[in-house]
Amino acid sequence: MSRTFLNGLLTTGALLSSVLIAPGVMAQDPQGAGKEWTTPAGSLSGQRFSTLNQITAENANKLQVAWTFSTGVLRGHEGQPLVIGDVMYVHAPFPNTVFALDLNNDGKILWKYEPKQDPNVIPVMCCDTVNRGVAYGDGKIFLHQADTTLVALDAKTGAVVWSVKTDDPAKGATGTDAPLVVKDKVYVGVSGGEFGVRGWLAAYDVKDGKQVWRGYSMGPDSDTLIQPGKTTNLDKPVAANSSEQSWQGDQWKIGGGATWGWKSYDPQTNLIFYGSGNPSTWNSKQRPGDNKYSMTIWARDADTGAVKWLYQMTPHDQWDYDGVNEMVLVDQEIDGKPRHLLVHFDRNGFGYTLDRDSGELLVAAKYDPAVNWASKVDLDPKSETYGRPDVLPQYSTEHNGEDVNTTNICPAALGTKDEQPSAFSPETGLFYVPTNHVCMDYEPFRVAYTAGQPYVGATLSMYPPKGDTNMGNFIAWDARTGKIVWSDPEQFSVWSGALATSGGVVFYGTLEGYLKAVDAKTGKELYRFKTPSGIIGNVITYEHAGRQYVAVLSGVGGWAGIGLAAGLTDPHAGLGAVGGYAALNQYTSLGGTLTVFALPQN
Amino acid sequence: MTRYARYFFAASVASCLMAGFARADKPADPAAVSSDDGKYFDKDGRPTFKVDKDGKVDFYSYIGYVRYTANCMHCHGPDGLGSTYAPSLVNSLKSLDYADVMTIVANGKKDVSESSQLVMPSFGENKNIMCYIDAIYIYLRGRSDGAIPRGRPGEHEAKPKDFSETEDSCMG
């Protein structure tokens with residue numbers, strides 16, 4: 001582990017004093033971000049909403065680039081920077097460099113942290129060497145490195161305060177998620193669903209890195225921290241060892257359920273919310289049972305990890321519809337009743353609205369009309385199949401069997417939405433959701449498990465839904481009714497996290513590299529600027545010296561960099577069909593740049 | 001290397017050595033001149049594809065597509081076309097011959113520097129790849145040659161009679 005200071009900078013005492021971080025700055029505000037952006041989603045509620053309003057629907061067309069910064073890494077740049085006081089913290093993909101930039105001094109580098117990691121971790125990272133960002137708390141910056149080292153850096157100096165190993169990359173486990181800090185604990189999860197890891201969420205003490213608790217996605221109750229009889233699943237108490245019993249033998253030990261998505265927190269109930277990913281392998285025939293609790297929304301007590309409630313969205317997954325996407329906590333009225341809601345846009349194409357206190361399922365509706373693998377989710381509490389999707393046999397890769405190519409399944413394995421997080425505006429009451437508009441053929445087959453080697457077991461090809469050429473949409477969604485309010489088609493999947501602001505402007509990035517501003521009410525485009533590379537990072541905003549800024553990382557890669565780089569072809573277009581769909585590599589190339597926007601100064 | 005991988009790797013290298021191990025600057029002529037139970041070989045005895053005038057491919061090219069897309073596509077992109085972080089094998093196979101490919105797949109490859117972090121793991125122990133490595137090679141050779149188009153091959157020859165038995169004994 002090494003840490004690089006930029007010497008000239010830190011020997012200048014005068015400079016240092018100008019960038020001291022306000023002590024005790026910690027976002028516990030569940031609703032929105034203000035001048036700072038202190039948690040990955042701007043607030044613990046996961047809303048990615050800012051109360052800043054200098055940039056409005058009227059003036060957004062005047063935005064300009066204020067400054068830029070190169071991370072020096074040419075890989076997929078997911079995640080977002082943080083802004084604490086007068087300092088911006090910028091992270092990069094492997095080797096997971098972190099920079100502290102002085103906003104008082106044109107983004108001068110205050111310190112740089114660059115861990116030495118074994119490059120052998122690179123190929124066990126499914127789908128590029130991404131990292132989704134750092135977290136802040138207790139005067140420290142927390143980073144979950146690719147090699148599953150969780151490190152706490154002194155926010156002022158970049159010095160390593162402590163570091164712990166959370167898992168083992170030799171078994172295919174890697175760190176890509178953004179940690180979340182709540183009070184005295186930092187929460188992290190793990191990647192490796194394509195390598196047969198067993199997912200977990202763990203809490204570490206921010207002071208010294210001691211593990212406080214760890215709850216696995218599957219296994220005996222002592223591992224999952226499910227409390228039989230007390231933990232509920234759709235209002236019903238869960239029986240003892242419900243996870244183990246939903247697997248054949250000890251398959252749960254390599255059962256997947258990775259936890260690399262976004263976490264959110266509700267101070268009212270002290271619950272932490274997150275999702276678990278696909279069961280391993282992708283060949284469902286090899287793992288009979290519901291495979292609990294893969295593909296599940298979890299509500300755990302933040303102090304003990306005890307499970308308050310859970311809900312498995314896609315039992316016995318047959319399509320790789322990971323459940324890791326963000327859990328957004330909002331307070332809205334449904335049928336005239338004020339509700340504490342959790343809203344989740346799942347890879348499986350359904351937008352779920354639940355009561356976050358009880359886990360009651362209120363709405364489950366398709367947020368892309370193309371979704372076809374299930375006709376609906378059963379919302380009748382009296383039904384035997386309450387909460388389960390009604391799967392259409394022709395799109396069931398399990399029903400069609402091994403070595404059979406099931407065609408025209410929508411969405412594709414990358415989901416109607418992947419990790420790219422949505423935003424919510426309490427002012428419009430709407431969610432702003434970056435989506436994929438892609439279908440697939442999926443052929444499962446027998447696969448053998450070797451520790452640390454890919455454990456996939458299915459072949460798939462992807463293409464836009466029949467009759468469409470756009471591979472993405474940016475939509476506004478009403479989670480109270482489960483309806484799309486407006487939808488802006490995009491040529492490529494929208495793989496950038498959205499930002500909603502009190503100025504009535506919503507921001508997102510595109511795979512071609514555009515930063516776009518749209519009207520929160522109508523979706524009308526107000527501004528676009530083409531950044532150096534495709535955007536898979538999430539947009540943030542902050543205020544410095546009285547001026548509102550908007551920032552985003554560019555750097556194409558991730559799943560989008562695999563699937564779309566060369567362009568998609570339609571396997572069912574028939575002989576003689578020319579070309580295929582647009583190839584991303586005709587629009588953008590590798591990069592690693594932060595671009596910061598602001599209105600011109602008078 | 002475990003037994004199955006050693007078997008496949010040794011068999012592959014041996015056939016190359018017997019063929020004289022000519023490292024070609026341009027791709028060797030992929031034309032199939034002989035076959036053994038549905039598997040085709042070029043004039044130097046290296047595995048190769050066969051595509052008939054209607055686009056029907058040999059069974060190995062077809063299985064190669066299926067296994068490539070499950071195991072290799074996550075880095076090397078759909079249809080061998082490369083991604084933002086792994087090279088196009090359609091290009092690579094224009095200069096790498098059969099023995100080179102077998103060596104890289106079994107041992108892995110690293111290109112790590114200040115500006116590049118390309119790492120391919122060793123797959124020598126991975127049955128899902130080593131049991132199908134000839135098929136994957138044959139498919140990619142056809143892609144590189146331009147004989148096999150993008151996407152899932154349409155028609156393919158019937159499964160060779162001993163294919164399942166060999167597959168079962170390799171996968172264990």
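One structure accompanies this document, and this report is about it. (Residues numbered from 1 in each chain as written. Chains lettered and ligands numbered in written order. Predicted model: local features only at pLDDT ≥ 70, side-chain atom pairs only at ≥ 80, totals over all residues. Heavy atoms only, no water.)

### A look at the state of the cysteines
All names here are of chain A.
Next up, step 1: This structure, assessed with the given rule, holds two disulfides over all chains.
Next up, step 2: One disulfide bridge connects Cys410 with Cys439, the sulfur atoms lying 2.1 Å from each other. The sign of the 100° torsion about the S-S bond sets the Cys410-Cys439 disulfide as right-handed. Linking Cys410 in the loop between strand E28 (406-409) and strand E29 (423-425) with Cys439 in strand E31 (residues 439-444), this pair joins segments that are 29 residues apart in sequence. (Disulfide = S-S within 2.5 Å. Helix = DSSP H or I, 4+ residues; strand = E, 2+ residues; numbered from the N terminus.)

### Here's the deal with the interface of chain A and chain B
Next up, step 1: Tallying the contact residues gives 38 residues for chain A and 33 residues for chain B.
Next up, step 2: When the two sides are added together, the surface that chain A and chain B hide from each other amounts to roughly 3,100 Å², 56% of it contributed by carbon and sulfur.
Next up, step 3: In terms of surface lost to chain B, no three residues of chain A exceed Arg446, Gln453 and Ile562 of chain A, which account for 18% of the buried area on that side.
Next up, step 4: Taken together, the links from chain A to chain B amount to two salt bridges. (Contact = heavy atoms within 4.5 Å. Buried area = accessible area lost by both parts, 1.4 Å probe. Salt bridge = Lys/Arg side-chain N within 4 Å of Asp/Glu carboxyl O.)

### Regarding the pattern of salt bridges
Two side chains of opposite charge can pair, provided their charged atoms sit close to one another.
Residues and elements named next belong to chain A.
Next up, step 1: All chains considered together, the criterion is met by 37 salt bridges over all chains.
Next up, step 2: Between Arg132 and Glu78 there is a salt bridge, with the nearest N and O atoms lying 2.7 Å from each other. Within this pair, whereas Arg132 is found in the loop between strand E7 (108-113) and strand E8 (135-137), its partner Glu78 is found in the loop between strand E3 (64-70) and strand E4 (82-84), the two being separated by 54 residues in sequence.
Next up, step 3: Of the charged contacts, one joins Asp184 and Lys185 as a salt bridge, the two residues approaching to 3.2 Å between their closest N and O atoms.
Next up, step 4: Under the relative-accessibility criterion, Lys185 is labelled buried at 7%.
Next up, step 5: Ionic contacts of the salt-bridge type, sharing partners, join the residues Lys183, Asp184, Lys185 and Asp303 into one network. (Buried < 20%, exposed > 50% of the residue type's maximum accessible area, 1.4 Å probe, protein only.)

### Re empty space enclosed by the protein
Next up, step 1: Tallied over the entire structure, the rule returns eight cavities of 30 Å³ or more.
Next up, step 2: Here the second largest cavity defines a volume of roughly 180 Å³.
Next up, step 3: Lining the second largest cavity are 15 residues; nearest its centre among them are Leu460, Ser461 and Met462 of chain A together with Pro78 and Asp79 of chain B.
Next up, step 4: Breaking the lining of the second largest cavity down by element, the ones donating at least two residues are strand E32 (458-463) of chain A together with helix H2 (59-71) of chain B.
Next up, step 5: When residues in the lining of the second largest cavity are grouped by element, the largest group, three residues, is from E32 of chain A.
Next up, step 6: Across the lining of the second largest cavity, the residue classes break down as seven nonpolar, six polar and two charged. (1 Å grid on protein atoms, 1.4 Å probe; cavity = no way out; pocket = protein on both sides within 12 Å on 5 of 7 lines; lining within 4 Å. Points joined across faces, edges and corners; volume = space filled by probe spheres on them. Nonpolar A, V, L, I, M, F, W, Y, C, P; charged D, E, K, R; others polar.)

### Things to note about helix H7 (residues 133-145) of chain B
Residue and element names in this part refer to chain B.
Next up, step 1: Its 13 residues place the ends of H7 18 Å apart at the C-alpha level, agreeing with the 18 Å of an ideal helix rising 1.5 Å per residue.
Next up, step 2: Counting buried residues in H7 gives 12 out of 13 residues, a clear majority hidden from the surface.
Next up, step 3: Within H7, burial applies to Ile133, Asp134, Ala135, Ile136, Tyr137, Ile138, Tyr139, Leu140, Arg141, Gly142, Arg143 and Ser144. (Expected span 1.5 Å × (residues − 1).)

### Re the environment of Ser284 of chain A
All names here are of chain A.
Next up, step 1: Mapped onto the secondary structure, Ser284 falls in the loop between strand E19 (271-275) and strand E20 (296-301).
Next up, step 2: Judged by its relative accessible area of 1%, Ser284 is buried.
Next up, step 3: As for Ser284 and His316, which are separated by 32 residues in sequence, their C-alpha atoms are 6.9 Å apart.
Next up, step 4: In this structure Ser284 touches His316, Asp317, Gln318, Thr397 and Glu398, once residues within four positions along its chain are discounted.

### Brief notes about the sheet that holds strand E39 (residues 540-544) of chain A
All names here are of chain A.
Next up, step 1: In spatial order, the strands read E3-E41-E40-E39; together these four strands make up an open sheet with antiparallel pairing. For this open sheet the edge positions go to E3 and E39, each flanked by a neighbour on one side alone. Here the average twist between neighbouring strands, direction ignored, is 25°. (Pairing = 2+ DSSP bridges. Axes fitted to C-alpha atoms, helices over the stretch in contact; angles between N-to-C directions.)

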